[in-house]
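One letter stands for each residue in the lines below.
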Amino acid sequence: MRRVWVLVAVVSLGIFCAAQRLPEEAVPTHYRLSIAPNFNSESFSGETTIDIEVKSATTEFVVNAAELTFQEASVSSGGHVQKAQLTLDPKQETARLRVATPVPPGPASLHFRYSGKLNHELRGLYLGKDPDGRKYAVTQFEATDARRAFPCFDEPAYKATFDITVTARKSDTVISNAKVVSDTAGPRPGQHVVRFARSAKMSSYLVALAIGKFEFLQGAADGIPIRIYTVPGKKDMGRAALDHAERSLAYFNRYFGIPYPFEKLDLIGLPDFSAGAMENTAAITFRERDLLLEPGRSSAENEKNVAQTIAHEIAHQWFGDLVTMRWWDDLWLNEGFATWMESKAVASWKPEWKLELDDALAVNGTLMSDALADTHPLHQAADTPEQINELFDNISYGKGAAVLRMLESYLGPDKFQSGIQVYLKKHAYGNATSSDLWKALAEVSQQPVDKIMPTFVQQAGAPMIVVTARCAQMQTYVQMGQQRFFEDRALFGAGGEELWQVPVCLKSGDNSGKKVAEQCVLLSERSQDFKLPGCGFWTMANAGANGYYISAYEPTSLRDMSQDLETVLNPAERIRLLGDVWASVRVGRQPLGDFLDLASGLQKEPSGPVVEQLTATLEYIGDNLVNDRNRVAYQHWVQNLLRPIANELGWKVAPGESDERKTMRAQVQYTLGYTARDPEPYWEASKLAKAALENPAAVDPSLTEIVFDLAAMRGDAALYDKILARMKQTNAPEEYSILMLALARFGDPKLLERTLQLSISPGFRSQDTPPLIAAVMTNPAGQQLAWEFVSSHWDEIEKSSGGFNSSTIVQATGNFCDSGLRDQVSEFFSQHKAPAAERTLRQALERMRNCVAMKAQNKSYMASWLTEHGGGSGR
Ligand code: BES
Ligand code: ZN
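Since this is a predicted model, take the numbers as computed values, not measurements.

Help me out: how do you make sense of the overall build of the protein chain in this one?
Helix and strand content of the protein chain: 29 helices and 29 strands. For the C-alpha atoms alone, the extent of the protein chain along its principal axes is close to 90 × 65 × 60 Å. Intrachain contacts of the protein chain at a sequence separation of at least 6 include 71% that bridge at least 24 residues. Looking at the protein chain as shown, the accessible area adds up to about 33,700 Å², and 51% of this sits on carbon and sulfur atoms. Averaging the locations of the 90 positively and 105 negatively charged side chains of the protein chain gives two centres separated by 1 Å.

Can you help me understand the domain arrangement of the protein chain in this one?
Accessible area lost on assembly of the parts is the figure often given for the size of an interface. Along its sequence, the protein chain is organised into domain 1 (463-578) and domain 2 (749-858). On a C-alpha basis, the centroid separation for the pair domain 1 and domain 2 is 39 Å.

Sorry if this is basic, but what is going on with the packing of helix H5 (residues 355-369) against helix H14 (residues 571-586) here?
How two helices pack is summed up by the angle between their axes together with the distance between the axes. Relative to each other, H5 and H14 sit at 15 degrees, their axes nearing to 8 Å. Our classification of the angle between H5 and H14 gives roughly parallel. Our pair here, H5 against H14, has a crossing hand that is right-handed. Of the residues in H14, those in contact with Leu357, Ala360, Leu361, Val363, Asn364, Leu367 and Met368 of H5 are Pro571, Ala572, Ile575, Arg576, Gly579, Trp582, Ala583 and Arg586. When its residues are assigned to classes, the contact of H5 with H14 shows eleven nonpolar, two polar and two charged.

Looking at this structure, I do not really get the coordination of the zinc ion (ligand 2). What am I missing?
By definition of the ideal shapes, four donors in a tetrahedron about a metal sit 109.5 degrees apart, and six donors in an octahedron sit 90 or 180 degrees apart. On the protein side, the zinc ion (ligand 2) has His312 (NE2), His316 (NE2) and Glu335 (OE) as donor atoms, found 1.9 to 2.1 Å from it. Sequence spacing of the donor residues for the zinc ion (ligand 2), all on one chain, is H-x3-H-x18-E. Within this pair, whereas His312 is found in helix H3 (residues 300-318), its partner Glu335 is found in helix H4 (residues 331-349), the two being separated by 23 residues in sequence. Taken as a pair, His312 and Glu335 share a single burial class, namely buried.

In this structure, what is going on with the sheet that holds strand S15 (residues 209-212)? I would like to understand it.
Strand pairing in a sheet takes place through backbone hydrogen bonds and is either antiparallel or parallel in direction. On the basis of which strands lie adjacent, the open sheet formed by four strands has the order S9-S10-S15-S12 and antiparallel pairing. Both edges of this open sheet fall to strand S9 (124-129) and strand S12 (173-176), since each of them pairs with a single strand only. Recorded for the sheet is a direction-independent mean angle of 15 degrees between the axes of neighbouring strands. Bridge count for S9 against strand S10 (residues 135-140) is six bridges, and the pairing is antiparallel. Paired with Gly124 across the strands is Gln140, a residue of S10.

Would you explain the state of the cysteines in this entry?
Here, disulfide denotes a covalent bond that connects the sulfur atoms of two cysteines. One pass over the full model with this rule turns up three disulfides. Paired by a disulfide, Cys471 and Cys535 hold their sulfur atoms 1.5 Å apart. Its S-S torsion of about -135 degrees marks the bond between Cys471 and Cys535 as left-handed, since a negative value means left-handed. In this pair, Cys471 sits in strand S23 (residues 463-472) while Cys535 sits in the loop between strand S27 (527-533) and strand S28 (538-540), placing the two residues 64 residues apart along the sequence. Residue Cys535 is classed as partly exposed on the basis of its relative accessible area, which comes to 31%. Counting only the cysteines that take part in disulfides, in the order they occur along the protein chain, gives the pairing 1-4, 2-3, 5-6.

Explanation requested: the site of ligand 1 in the structure shown.
Contacts to ligand 1 come from 15 residues, most closely from Glu142, Gly276, Glu279, Glu313 and Tyr397. Glu142 places a polar side-chain atom, nitrogen or oxygen, 2.6 Å from a nitrogen atom of ligand 1. His316 is positioned with one of its side-chain polar atoms (N or O) 3.0 Å from an oxygen atom of ligand 1. With the chains in place, 83% of the 510 Å² that ligand 1 exposes on its own is no longer accessible. When contributions to the shell around ligand 1 are tallied by element, the ones reaching two or more residues are strand S19 (277-278) and H3. Per element, the largest residue contribution to the shell around ligand 1 is four residues, and it comes from H3. Residues of the shell around ligand 1, tallied by class, amount to six nonpolar, five polar and four charged.

I'm lost on the nonpolar core in this one. Help?
Inside soluble globular proteins, nonpolar side chains tend to come together where they are buried. Among the nonpolar cores identified, the biggest contains 152 residues, and Phe252, Met480, Val504 and Trp637 are the most heavily contacted of them. A per-element tally of this core places helix H17 (residues 631-649) first, with nine residues. Setting aside chain neighbours within four positions, we find Val504 in contact with Ile465, Met480, Gln519, Cys520, Val521, Leu523, Ala541 and Tyr549. One finds Ala73, Phe153, Leu206 and Met278 within the second-largest nonpolar core, a separate group that totals 77 residues.

When you look at the pattern of salt bridges in this model, what are you seeing that I'm missing?
Side-chain pairing between opposite charges can occur once the charged atoms of the two side chains come close. Applying the stated criterion to the full structure yields 43 salt bridges. With its nearest N and O atoms 3.4 Å apart, the salt bridge here joins Arg247 to Asp243. Residue Arg247 and its partner Asp243 are located together in helix H2 (residues 239-256), separated by four residues, close to a single helical turn. Exposure remark for Arg247: the relative accessible area of 38% places this residue in the partly exposed category. Here Asp243 falls in the partly exposed class, since its relative accessible area comes to 32%. Close ionic contact of Glu573 with Lys507 constitutes a salt bridge, the shortest N to O distance being 2.8 Å. Highlighted residues: Glu573 in helix H14 and Lys507 in strand S25 (residues 502-509), separated in sequence by 66 residues. Here Glu573 matches Lys507 in class, with each residue buried. Residues joined by salt bridges that share partners form a network here, namely Glu67, Glu93, Asp145, Arg147, Arg148 and Asp154.

Would you mind going over the sheet that holds strand S26 (residues 515-523) with me for this structure?
Within the open sheet, the three strands sit side by side as S26-S25-S28. Their pairing is antiparallel. Since the sheet does not close on itself, it has two edges, and those belong to S26 and S28, each with one partner. When strand polarity is set aside, the average angle formed by the axes of neighbouring strands in this sheet is 20 degrees. Sheet topology places S25 next to S28; three bridges connect them, and they run antiparallel. In the strand pairing of S28, Lys507 is matched with Met540.

Just to check I follow, could you spell out the packing of H14 against helix H16 (residues 608-625) for this structure?
It is at 8 Å that the axes of H14 and H16 come closest, and there the two elements cross at 20 degrees. For the element pair H14 / H16, the angle class is roughly parallel. Between H14, through Pro571, Arg574, Ile575, Leu578, Trp582 and Arg586, and H16, the contact on the second element is made entirely by Pro609, Val610, Gln613, Leu614, Thr617, Tyr620, Ile621 and Leu625. Considering only residue class, the contact of H14 with H16 consists of ten nonpolar, two polar and two charged.

Please explain helix H22 (residues 733-742) as it appears in this structure.
Working note: α-helix, 3.6 residues per turn, so residues spaced by three or four point in the same direction. Counting buried positions along H22 gives eight out of ten residues, so the element sits mostly inside the fold. Of the residues making up H22, those classed as buried are Pro733, Glu734, Glu735, Ser737, Ile738, Leu739, Met740 and Ala742. Packing partners of the buried residues in H22 comprise H3, helix H20 (701-713), helix H21 (717-729) and helix H24 (769-778).

Can you walk me through the packing of aromatic side chains in this structure?
When we look at a pair of aromatic rings, we describe it by the centre distance and by the angle of the planes. Throughout the structure, instances matching the rule amount to 38 aromatic pairs. Taking 4.5 Å as the distance between ring centres and 10 degrees as the angle between the ring planes, the aromatic pair formed by Tyr31 and Phe162 counts as stacked. Of the two residues, Tyr31 is situated in strand S1 (residues 26-38) and Phe162 in strand S11 (residues 161-169); the sequence distance between them amounts to 131 residues. The same class applies to Tyr31 and to Phe162, which are both buried. Ring pairs connect the aromatic residues Tyr251, Phe252, Tyr255, Phe256, Tyr260, Phe262, Trp318, Phe319, Phe337, Trp340, Phe416 and Tyr423, which therefore count as one cluster. Just above the ring of Tyr477 sits the side chain of Arg470; from NZ or CZ to the centre is 5.2 Å.

Looking at this structure, I do not really get the confidence of the model for the protein chain. What am I missing?
Parts of the prediction with low pLDDT should not have their coordinates interpreted in detail. Confidence along the protein chain averages 95 in pLDDT terms, with 97% of residues attaining 70 or more. The low-confidence segment residues 1-18, where pLDDT is below 50, has one contact with residues more than four positions distant or belonging to other chains.

Each value, and the rule that gives it
Residues numbered from 1 in each chain as written. Chains lettered and ligands numbered in written order. Predicted model: local features only at pLDDT ≥ 70, side-chain atom pairs only at ≥ 80, totals over all residues. Heavy atoms only, no water. Helix = DSSP H or I, 4+ residues; strand = E, 2+ residues; numbered from the N terminus. Contact = heavy atoms within 4.5 Å. Areas by Shrake-Rupley, 256 points an atom, 1.4 Å probe, with all protein chains shown as cover. Lys, Arg positive; Asp, Glu negative; His and termini not counted. Charge placed at Lys NZ, Arg CZ, Asp CG, Glu CD. Domains from an automatic or database assignment. Axes fitted to C-alpha atoms, helices over the stretch in contact; angles between N-to-C directions. Parallel < 35°, antiparallel > 145°, perpendicular 65-115°, else oblique. Left-handed = near helix turned anticlockwise from the far one by under 90°. Nonpolar A, V, L, I, M, F, W, Y, C, P; charged D, E, K, R; others polar. Donors = N, O, S within 2.8 Å, 3.2 Å for Na, K, Ca; no water. Buried < 20%, exposed > 50% of the residue type's maximum accessible area, 1.4 Å probe, protein only. Pairing = 2+ DSSP bridges. Disulfide = S-S within 2.5 Å. Near = heavy atom within 4 Å. Polar contact = N/O pair within 3.5 Å; in protein donor to acceptor, adjacent residues only side chain to side chain. Core = buried A, V, L, I, M, F, W, Y, C linked by side-chain atoms within 4.5 Å. Salt bridge = Lys/Arg side-chain N within 4 Å of Asp/Glu carboxyl O. Phe/Tyr/Trp six-rings, centres within 6.5 Å; stacked < 30°, edge-to-face > 60°. Lys NZ or Arg CZ within 6 Å of the ring centre and 35° of its normal. pLDDT = per-residue confidence, 0-100.

Right, here's the structure in full:
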């Protein structure tokens, strides 16, 4: 009896989950798609014919469709056309066609005439406005929104070719995935019809259209024409983008060993865009901030971001567009790969940017996301659009990239590249899964990739590797144990069942900082012994900093290693060590003082990104772990720590200075002003902010952001008004974004209230609503206020971006470190469901809880450590 019941439950659950998927009785092969937007009525009309291959005789077909109104639907096969009866299911986002006579197996076609709204939700086929108020229409289909523009088999495995035709205003440029084959006047006066060549075989989420007044810059790489499109007046800000796009394309032609598979490449900067960028086949769309740079007026950090975003999306043209994951449960394949690749590519022409150090920093952050109980495995089932959208997170991107980087370093870059080439050739114009990738890599390398990868792809979380080493008979005996790392002390203490196959690179050194041995091994058991030649004074377990794991050491050996950190470890290893020690501190394996000690040893640290890792953690401590009794002491301690570096760096940018030094100056001065509340950087920043408002060129671009952030801290209404006015004036995306976010950094609640109101005011671009609110939520002075605003305006906020970007705000609640706020968040979302942020909410609640616990654990400890270490002396 019980058995039967379980069986029924399992079967109905199966049906329920599969319900969001299309039945497999027909497969599309080709689409003919005509679309005509009407900007006055904010609507469009469309006609779609889908050639399909019917698998077995049927009278029913199901396609995806959402918010479309149908005028006609028919099915034809063998020259016989049948009118179809259409049933829409708005919840499942499907349309079911029924015909009287069964359609036999073989080729057939579905035909639809329909209309839809040009929406304001930044998804599907949506409306935007350029700064002159002129409307444009553009698509954003990933993950499940092509169905809002045309009826289709909207799943990544249904690849087909597309013939696209658009009827638009005469003055509109029309861009799509393929080249234009004809452009003729009509059918009405003031219109033209643009027909595109047949596209390559591709998934529906990669179809793109952009219809509006655009201008462009043109270049080429290896014979492929490349254009940067912008709204009128901005094309000159696309120079750097064109250069990076040309380099990227040429780089990938060589790396993948397959020439760029499409006929042209367009990169389109849009003033209204929900994500950062989108890899539509040969027609990549961008938020302006992620594509355009004002010549001579942008920071290196921003140019890095633009270069990496471009490289990321161009890498997708092969990894994602040419070869596509079979289903969204392998989204990490797309996003992890593109994320790994973006730095590898850009580093090849910009080695001075040292992107490998930014990557090491990012891995520390990713490991902390993976340390939550509510993280998820890289391979993660997802059925509903909301579940799918939630997968675009730090795990798919950051962990995906980190695991690939670890594997590349284990196999060697050449073997890894060959494996990737084999994989791409095998699945070109088709689909693949995670295991297809590691099968190709295992085959080419003859290494146990198929043993290692499942442990990182199917299991959630990351291991902490505990290292103990001792010396005997001129050998170093190393014991390593592995255990899943949780940020939560109790969960970490309880241990888990997980076991990973971890490629670990060990490095030992003597007491003068010289390397004694370096060797990579595969840790496959819960606890395992290894031997290194020579007698090591210290042994570290992430040589090269390519491992996706946390290392933990005995306090004494950590101290030995730390004596001469700069000679013993390279900058990437130092970054990871700071992250490792912080992880040990979080779970109480080591006291907070051990991290602060390590920090004290970095007073002369020459590497910018190492300093960044350090200052980021000092900020976290200052924002969250100090209390009214020890705050001043902590500020003094940080002042003492950072003043020497800050004085050495000063505020003047010397001619010919490296980008690294400029970035480091900005970081140190910011932390000194913000976390240490040192008055000097604050005054300097206020002065410079005034100068920049008069003349933006008065301040070096590397300093603009921190100048406004610091000035805002104690800024008054007069400063606020000036920033706001300048923000409304500028047409440079970087400057706009800096000024906008500065409005979230003020200390005065009245001004922060204005910022919150601004974020949902008419005329404010809805693409900026979630980031601006989230910025107020990360300002300690604005948390309570922002939360009250969010909870009382939730419906408006959700509406502003199709519900999707509300996850940015849910995520930002994870920065609260207060049990009262946590209760309010938990209570609020038990009543207001955010289906696109369910896991995000659980993670945010967990982060808040862990932070509150850590604050309590360190309450008295911080005070006594600071008294002992001179924190209070400056009082
Ligand atoms: N495929 C994504 C765009 C996307 C993101 C679509 C979320 C749907 C939901 C694109 O390749 C991407 O990853 N964009 C990033 C920028 C990139 C440089 C990390 C983004 O939009 O943040
Ligand atoms: Zn991507």
